[in-house]
Amino acid sequence: MRLLKKFTVPVIVIFLWWAVVHVFNINAFLFPPPEKVLAAFHHLIEKDILQKHVCVSFIRAFRGFSITMLIAMPLAVFFHIFKRTFSFFDGFLNFLRSVPPLAMIPLLILWFGIGEASKLSLIILACFFPIFLNTLSGLNNVDSKLLVMGDSLDLTKIEKIRYIMIPEAAPAIITGLRLALGNSWRALVAAEMIAASSGIGYMILDAEEMAKTDVVYAGILTIGILGLLMDKMCLMIMAKLCPWMEDLKR
Amino acid sequence: MSDISLSDVNKSFVLRDRTVDAVSNFSLTIEDGTFVSVIGPSGCGKSTLLSIIGGLLKPDSGTVSINRGEKRCGFVFQEPRLLNSCTVKENMILGMKHIKSNSARNQVLADVLELLELTEFINAYPYQLSGGMAQRAALGRALCRQPGILLMDEPFSSLDAMLRKKLQNELVSLYLKKNLTIVFVTHDVSEAVFLGRKVVIMNDGQLIRQQKIDLEYPRNTSSPEFISLCDSIMETISYSRYQV
């Protein structure tokens, strides 16, 4: 029943896609039918092209996401402890948050060249604020009554962080991580479309220049499927780490 | 022998631009093994008083002496305040830092779970418990500290009447079995008289009256003595509010 619920809409969409292309006899260059895109998928997989590009993109996204976590989370903890310090940085951080990461691409290429560094910095910019702000808000909104309860049990500071602060902030932190994961893919593909010789973004752009619309569609679908799989994977890991969070099991 | 002694205790809070005296010139002595009910209207300083006794708040002035010896305080709050990330067992173990040996810890845990009929929920998370079970688990966490003094802040106020009655009876039998010193905050006169050997009436942060309850446990809430005590306490509360 659950599988039926999950797959009903995608199956209907694919059917409609197939029906529209064939009934209205739309030019396959503009809107290739599903079977043509499937054939493109088959070709890309058979020639190891898709695997190579997915692998490169995945490693990039994972590296950028991990580095951002290592920067944003400790910074959020720092600003949670030193709340007054945050008021000095609040305006500046809001200013940075309002600048779309994609607008930074020319500067990043200028500063870091067209290699990996500029792509990683773009992913970091795209992932930073969801992780930082959600972690900070999660920590700041921990129920003070639970901390009083911790005092009544003579819990040490470390025990309060371990048993109260982190688990109570977990829902907000998880939301931030999921948002950042989505952002990392968006930023990555954009970066690969501008300056890269491999990756899904590059594959799509290359296919466009070669007028291979079916490969463009295959690339777009790959990004969507990968994003969905990564989100599911993230949820599965979180459900293992946070067994008390009912929402994650659905 | 007195277990808890408060002398001229004062505590005030600053709320926006005004100062509120939550507890003022409060003196009280609680004998060892006494069940004291503290009653008064909402906002009269009952919870603040309990927090001061439990060491969660420091008084602005006055002295609080607790003849602890090896005694610990166990706190039960109005809401269960269980940690969502911990099972019932893990929540209870948090209060057992004083027991070093694992086997002794498990024994205490098993005894408390059995006493509160929670054994089969040992591995349940708080979201899997009903309101009554969660409150019992919170009481269990306090009991796992093997407290000499149990401080309870309106612990049954959010429960339905049936469950409330059941937990009141359980608390009385626990008190009689373990000979604990209990300070129980409530705003329900009948609950205060049903549970306490002494009822302390508060209003506006001050001690208004202390009433000894000499009725035998278990108390009959429809007996003329019980009703008369309730009426007398109710009258004092109404009068003190009118005076303020």
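Keep in mind that what you see is a predicted model, and the values were worked out from it rather than measured.

Visitor: Account for the overall build of chain B, naming residues and giving values.
Guide: When its secondary structure is counted, chain B shows 7 helices and 9 strands. A compact globule built from 244 residues should have a C-alpha radius of gyration of about 18 Å, and chain B, at 18 Å, falls within 12% of that. Counting only C-alpha atoms and orienting by the principal axes, one finds that chain B spans roughly 55 × 45 × 40 Å. In chain B, once contacts between residues fewer than 6 apart in sequence are set aside, the share between residues at least 24 apart is 70%. Approximately 11300 Å² of chain B is accessible, and the part contributed by carbon and sulfur atoms is 48%. The positive charge centre, built from 27 side chains, and the negative charge centre, built from 26, are 6 Å apart in chain B.

Visitor: Now, about the domain arrangement of chain B: what can you tell me, with residues and values included?
Guide: Residue and element names in this part refer to chain B. Once the domains are mapped, chain B shows domain 1 (2-71 + 148-243) and domain 2 (81-146). Each of domain 1 and domain 2 was reduced to a C-alpha centroid, and the two centroids are 25 Å apart. Tallying the contact residues gives 12 residues for domain 1 and 11 residues for domain 2. Carbon and sulfur atoms make up 71% of the surface buried where domain 1 meets domain 2, a total of about 890 Å² over both sides. Linking domain 1 with domain 2 are 1 residue pair in polar contact (both at pLDDT 80 or more). Contributing elements (two or more residues each) for the side of domain 1 that touches domain 2: strand S6 (149-153) and helix H5 (161-178). When residues of the side of domain 1 that touches domain 2 are assigned to their parent elements, the largest contribution, 6 residues, is made by H5. Residues belonging to the side of domain 1 that touches domain 2 are distributed by class as follows: 8 nonpolar, 1 polar and 3 charged.

Visitor: Mind laying out the interface of chain B and chain A, listing which residues take part and the relevant values?
Guide: Taken together, the 18 residues of chain B in the interface contact 19 residues of chain A. Each partner contributes to the roughly 1700 Å² buried at the junction of chain B and chain A, and carbon and sulfur atoms together form 65% of this total. Among the residues of chain B in contact with chain A, Arg-81, Lys-97 and Tyr-127 of chain B are the three that bury the most area, contributing 30% of the side total. Our count for the chain B to chain A interface comes out at 3 salt bridges. Inspection of the chain B/chain A interface yields 6 residue pairs in polar contact (both at pLDDT 80 or more). Among the residues forming the side of chain B that touches chain A, the class breakdown is 10 nonpolar, 3 polar and 5 charged.

Visitor: Got a sec to walk through the packing of helix H9 (residues 200-209) of chain A against helix H10 (residues 213-241) of chain A? Specific residues and values, please.
Guide: Residues and elements named next belong to chain A. Running from N to C, H9 and H10 point in directions that differ by 160°, and their axes come no closer than 8 Å. One way to sum up the angle between H9 and H10 is to call them roughly antiparallel. Where H9 crosses over H10, the two elements pack in a sense that is left-handed. Listed contacts from H10 to Ile-200, Met-203, Ile-204, Ala-207 and Glu-208 of H9 are Val-215, Val-216, Gly-219, Ile-220, Thr-222 and Ile-223. Residue composition of the contact of H9 with H10, by class: 8 nonpolar, 2 polar and 1 charged.

Visitor: So what's going on with a nonpolar patch on the surface? Residues and values would help.
Guide: Residues and elements named next belong to chain A. Together, Phe-58, Ile-59, Phe-62, Met-233, Ile-237 and Leu-241 make up an exposed nonpolar region whose accessible area comes to about 580 Å². Where the nonpolar patch is concerned, the elements lending two or more residues are helix H3 (49-81) and H10. Position of Phe-62 relative to the elements: it lies in helix H3.

Visitor: Outline the side chain of Asp-214 of chain A, listing residues and values.
Guide: Residue and element names in this part refer to chain A. Within the secondary structure, Asp-214 is located in helix H10. We note that Asp-214 is buried and unpaired, the nearest opposite charge coming from Lys-36 at a distance of 4.4 Å. Not counting the four nearest positions on each side in its chain, Asp-214 is found in contact with Pro-32, Lys-36, Val-37 and Ala-40.

Visitor: So what's going on with the sheet that holds strand S8 (residues 198-203) of chain B? Which residues, and what values?
Guide: Residue and element names in this part refer to chain B. On the basis of which strands lie adjacent, the open sheet formed by 6 strands has the order S5-S6-S7-S3-S8-S9 and mixed pairing. Strands at the two margins of the open sheet, each flanked by one partner only, are strand S5 (73-76) and strand S9 (206-212). The mean angle between the axes of side-by-side strands here comes to 15°, regardless of whether they run parallel or antiparallel. Where S5 lies against S6, 4 bridges are found, and the strand directions are parallel. Within the sheet, the bridge partner assigned to Phe-75 lies in S6 and is Leu-151. Across the face of the sheet, H5 comes into contact with strand S3 (35-39), S6 and strand S7 (181-186) while running at roughly 160° to S7.

Visitor: Can you tell me about the pairing of S7 of chain B, naming the residues and giving the values?
Guide: Residue and element names in this part refer to chain B. Along S7, 6 of the 6 residues are buried, which leaves the element largely enclosed by surrounding structure. With burial as the criterion, each face of S7 is covered, one bearing Thr-181, Val-183 and Val-185 and the other bearing Ile-182, Phe-184 and Thr-186. In this structure, S3 lies alongside S7, joined through 5 bridges in parallel fashion. Note that in S7 the partner of Val-36 across the bridge is Val-183. Note: S6 against S7, 5 bridges, orientation parallel. Within S7, the residue paired with Leu-151 across the bridge is Val-183. Tracing the backbone out of S6, into H5 and back to the parallel element S7 gives a crossover that is right-handed.

Visitor: Give a detailed account of the packing of aromatic side chains, specifying residues and quantitative values.
Guide: If you walk through the whole model with that rule in mind, you get 20 aromatic pairs over all chains. Their ring planes at 45° and their centres at 6.2 Å tell us that Phe-86 of chain A and Phe-132 of chain A sit as a pair that is tilted. Placement of Phe-86 of chain A in helix H4 (residues 83-98) and of Phe-132 of chain A in helix H6 (residues 116-140) is noted, with a sequence separation of 46 residues between them. Accessibility classification places Phe-86 of chain A together with Phe-132 of chain A in one group, the buried group. Geometrically, the ring pair formed by Phe-128 of chain A and Phe-132 of chain A is stacked, given 5.3 Å between the ring centres and 15° between the ring planes. You can see Phe-128 of chain A and its partner Phe-132 of chain A sitting in helix H6, 4 residues apart, about one turn around the helix. Across the pair, exposure class does not vary: Phe-128 of chain A and Phe-132 of chain A are buried alike. Among the aromatic residues, ring-to-ring pairing joins Phe-78, Phe-79, Phe-82, Phe-86, Phe-89, Phe-128, Phe-129 and Phe-132 of chain A into one connected group. Seen from the ring of Phe-77 of chain B, Arg-81 of chain B lies directly overhead, with NZ or CZ sitting 4.0 Å from the centre. In this structure, Lys-165 of chain B packs its charged tip against the face of Phe-194 of chain B, placed 3.8 Å from the ring centre.

About the criteria used
Residues numbered from 1 in each chain as written. Chains lettered and ligands numbered in written order. Predicted model: local features only at pLDDT ≥ 70, side-chain atom pairs only at ≥ 80, totals over all residues. Heavy atoms only, no water. Helix = DSSP H or I, 4+ residues; strand = E, 2+ residues; numbered from the N terminus. Rg over C-alpha atoms; globule rule 2.2 N^0.38 Å. Contact = heavy atoms within 4.5 Å. Areas by Shrake-Rupley, 256 points an atom, 1.4 Å probe, with all protein chains shown as cover. Lys, Arg positive; Asp, Glu negative; His and termini not counted. Charge placed at Lys NZ, Arg CZ, Asp CG, Glu CD. Domains from an automatic or database assignment. Buried area = accessible area lost by both parts, 1.4 Å probe. Polar contact = N/O pair within 3.5 Å; in protein donor to acceptor, adjacent residues only side chain to side chain. Nonpolar A, V, L, I, M, F, W, Y, C, P; charged D, E, K, R; others polar. Salt bridge = Lys/Arg side-chain N within 4 Å of Asp/Glu carboxyl O. Axes fitted to C-alpha atoms, helices over the stretch in contact; angles between N-to-C directions. Parallel < 35°, antiparallel > 145°, perpendicular 65-115°, else oblique. Left-handed = near helix turned anticlockwise from the far one by under 90°. Patch = residues over 30% accessible without salt bridge, like charges linked within 9 Å, V, L, I, M, F, W, Y side chains within 5 Å. Buried < 20%, exposed > 50% of the residue type's maximum accessible area, 1.4 Å probe, protein only. Pairing = 2+ DSSP bridges. Right-handed = clockwise from strand over helix to strand, strands pointing away. Phe/Tyr/Trp six-rings, centres within 6.5 Å; stacked < 30°, edge-to-face > 60°. Lys NZ or Arg CZ within 6 Å of the ring centre and 35° of its normal.

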